[in-house]
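# Summary of structural features
Here are the chains, one letter per residue:
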Amino acid sequence: MKNYFSFDEHGTTYRKEFIAGLTTFLSMAYILFVNPSILGQTGMDKGAVFTATALAAAYGTLFMGLVAKYPIALAPGMGLNAFFTFSVVLGMGIPWQTALSGVLLSGLIFIAITVFKIRETIINAIPVELKYATACGIGLFIAFIGLKSAGIVVSNEATFVGLGHLTKPDTLLAIFGFIVTILMVVRGVRGGIFYGMVITAIAGMIFGLIDAPHKIVGSVPSLAPTFGEAFNHFDKVFTPHLIVVVLTFFFVDFFDTAGTIMAVASQAGIMKDNKLPRAGRALLADSSAIVVGATLGTSSTTAYIESASGVAAGGRTGFTSVVTGLFLLLALFFSPLLVVVTPAVTAPALIVVGVLMVGVLGKIEWSKLEIAVPAFLTIIAMPLTYSIATGIALGFVMYPVTMLVKGRGKEIHPIMYVLFVIFICYFAFLVE
């Protein structure tokens, strides 16, 4: 095992790798409970989603560790699950079964571009500023959902949105959870978001706002309500509405995975001559995990930036991911805890994740209006229209326009013109 993962070459040990794997698990464990809470709003069975989330995460993480040998964990992505629920199912009225088919198709496309090695072309075609803007917009969107779930932001007939009643018990609990979580994250506590949820849930039970679970360990929830539904409705995915949805799933996951793998690999010292060894295997881990997750019954699986916490703890090889994957499988037996994961418990996690995602805002060249305008529209449209797809579409339509007017048309990749036409059609024929 030491030779397979090249422990000596990377200057690591079993102890370091185990601690790193556990650290990564604790940093991302919140998704096991947040994902069922979000996807459950579509009508999906929360128990089945919990099992699908854990299994898809375990599969992707173990594949990443054993095949690509990277200390990177995977799980259903925040932002993608929000898009799945609030934009596709609740916003567009598409059944969750059909939405899962869209996730499945995006995964198959991802596998194809990985196998045929055309991912670099697509990565280079999308301006880096729009990648940053997409991440920021999703961060604001997730934070807005968290604020709404907490009751901090409510609807207002005069101003569309307004401040909620902060003295309501559930809202106070969410505010308490947000403060606790922020304090731990700022202090650099590994797994701060997860521990914040735990403390918030305990406080809720103490004050009678949350019912205590009857038990902590239980049997693994059945996958029957969601398993295979993506294949049963696959024929319904080839419509104009769903094609835009599939493109959004694809692009968001594509940017997220590429950025996370580059960032974590660089931190771990894996990059050689500014290139990633075994990059194809790493992307195949992500793309195949999407297909597995959609088959089981969850939204798109992606690489987790929380893996950086494990690298910071000493993780340098794929054995870190193997440890994380085994903990994800062990977590399957803790489904009874789902009953304590109320909106007041998940809201602080959503807000804090939003804060972390907006961190790349400063990398956008705001002094250049030809870049600032499409980036701003991408960011602001996501929370205000309650749609990640609309934000991406606005940015991709406006970017070629502003660049051409500025006289920088030669810098625009031909693929961007194709996307321009696609998204113009999206606004012309699909947006009601």
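Throughout, a residue's number is its position along its own chain's written sequence, starting from 1. It should be noted that, the model being predicted, local features are given only for residues of pLDDT at least 70 and side-chain atom pairs only at 80 or more, the latter also being counted only at that level, while totals for whole chains, interfaces and linings use all residues. Based on all heavy atoms of the structure, the side-chain values leave hydrogens and waters out of the count.

## Brief notes about helix H18 (residues 388-405)
Filter applied, for reference: Numbering goes from the N terminus for both helices and strands, where a helix is a DSSP run of H or I of at least four residues and a strand is a run of E of at least two. One fewer than the residue count of a helix, multiplied by 1.5 Å, yields its expected span. To sort residues, take the accessible area from a 1.4 Å probe on protein chains only and compare it with the maximum for the residue type: under 20% means buried, over 50% means exposed, and anything in between is partly exposed.
Helix length check: H18, at 18 residues, gives a terminal C-alpha distance of 26 Å against a target of 26 Å (1.5 Å per residue), a fit within 8%. Counted residue by residue, H18 has 13 buried out of 18 residues, so it is predominantly covered. One or two steps after H18, the chain reaches Gly407, where phi turns positive at roughly 85°.

## Quick notes on the confidence of the model for the chain
Reading fine detail from the predicted coordinates is not recommended where pLDDT is low. The test is simple: One confidence number per residue, pLDDT, is output by the predictor and ranges from 0 to 100.
Residue-level pLDDT values for the chain average 87, and 95% of them are 70 or greater. In the model of the chain, helix H7 (residues 119-125) stands out as the element of lowest mean pLDDT, 68, in contrast to helix H4 (residues 46-68), which has the highest, 96.

## Describing the side chain of Thr402
So the rule is basically this: Identification of polar contacts relies on pairs of N or O atoms within 3.5 Å, with a donor-acceptor requirement for protein atoms, meaning one able to donate a hydrogen and the other able to accept it, and with residues adjacent in sequence counted only if both atoms are side-chain atoms. In what follows, a contact means two residues having at least one pair of non-hydrogen atoms within 4.5 Å.
Mapped onto the fold, Thr402 is located in helix H18. Judged by relative accessible area, which is 14%, Thr402 ranks as buried. A distance of 3.1 Å separates the side chain of Thr402 from the backbone oxygen of Tyr399, its partner in a polar contact. For Thr402, the residues in contact, after removing those within four places along its chain, are Glu370, Val373 and Pro374.

## Re the packing of aromatic side chains
Heads up, the rule is: Each Phe, Tyr or Trp ring, with Trp reduced to its six-membered ring, pairs with another whose centre is within 6.5 Å; inter-plane angles below 30 degrees give stacked pairs, above 60 give edge-to-face pairs, and intermediate values give tilted ones. Whether a charge sits over a ring depends on NZ of Lys or CZ of Arg being within 6 Å of the ring centre and within 35 degrees of the ring normal.
Overall, the coordinates contain 18 aromatic pairs when judged by the stated rule. Their ring planes at 70° and their centres at 5.9 Å tell us that Phe110 and Phe250 sit as a pair that is edge-to-face. Remark: Phe250 occurs in helix H12 (residues 240-268) and Phe110 occurs in helix H6 (residues 96-115); sequence separation between them is 140 residues. Classification of Phe250 by relative accessible area gives buried; the value is 7%. An angle of 55° between the planes, with centres 5.8 Å apart, marks the rings of Phe194 and Tyr195 as tilted. When its relative accessible area of 17% is taken as the criterion, Phe194 is described as buried. Taken together, the ring pairs connect Tyr4, Phe5, Phe7, Tyr14 and Phe319 into an aromatic cluster. Looking at Lys69, its charged tip hangs above the ring of Tyr4, at a distance of 4.0 Å from the centre.

## Considerations on the packing of H4 against helix H15 (residues 318-330)
How we decide: Here, axes are lines fitted to C-alpha atoms. For helices the fit covers the stretch in contact, and angles between N-to-C directions go from 0 to 180 degrees. Roughly parallel here means an angle under 35 degrees, roughly antiparallel means over 145, roughly perpendicular means 65 to 115, and every remaining angle is called oblique. Here a crossing is taken to be left-handed if its near helix is turned anticlockwise relative to the far helix by less than a right angle, and right-handed if that turn runs clockwise. Nonpolar residues are Ala, Val, Leu, Ile, Met, Phe, Trp, Tyr, Cys and Pro. Charged residues are Asp, Glu, Lys and Arg, and all others, Gly as well, are polar.
At their nearest, the axes of H4 and H15 sit 7 Å apart, and the two run at 160° to each other. Between H4 and H15, the angle falls in the class roughly antiparallel. By crossing handedness, the relation of H4 to H15 is classed as left-handed. For the pair formed by H4 and H15, the contact residues are Ala54, Leu55, Ala57, Ala58, Thr61, Leu62, Gly65 and Leu66 on the first element and Gly318, Ser321, Val322, Thr324, Gly325, Leu326, Leu328 and Leu329 on the second. Each residue belonging to the contact of H4 with H15 can be placed in one class, and the counts come to 10 nonpolar, 6 polar and no charged.

## Let's talk about helix H16 (residues 343-357)
The terminal C-alpha atoms of H16, which comprises 15 residues, lie 21 Å apart, in line with the 21 Å expected from a rise of 1.5 Å per residue. Judged by how many residues are buried, H16 sits mostly within the fold: 11 of 15 residues are covered. Buried residues of H16: Ala344, Val345, Thr346, Ala347, Pro348, Ala349, Leu350, Ile351, Val352, Val353 and Gly354, and no others. Turning to H16, the residues buried within the fold contact helix H3 (31-39), helix H8 (128-150), helix H9 (169-186) and helix H10 (192-206).

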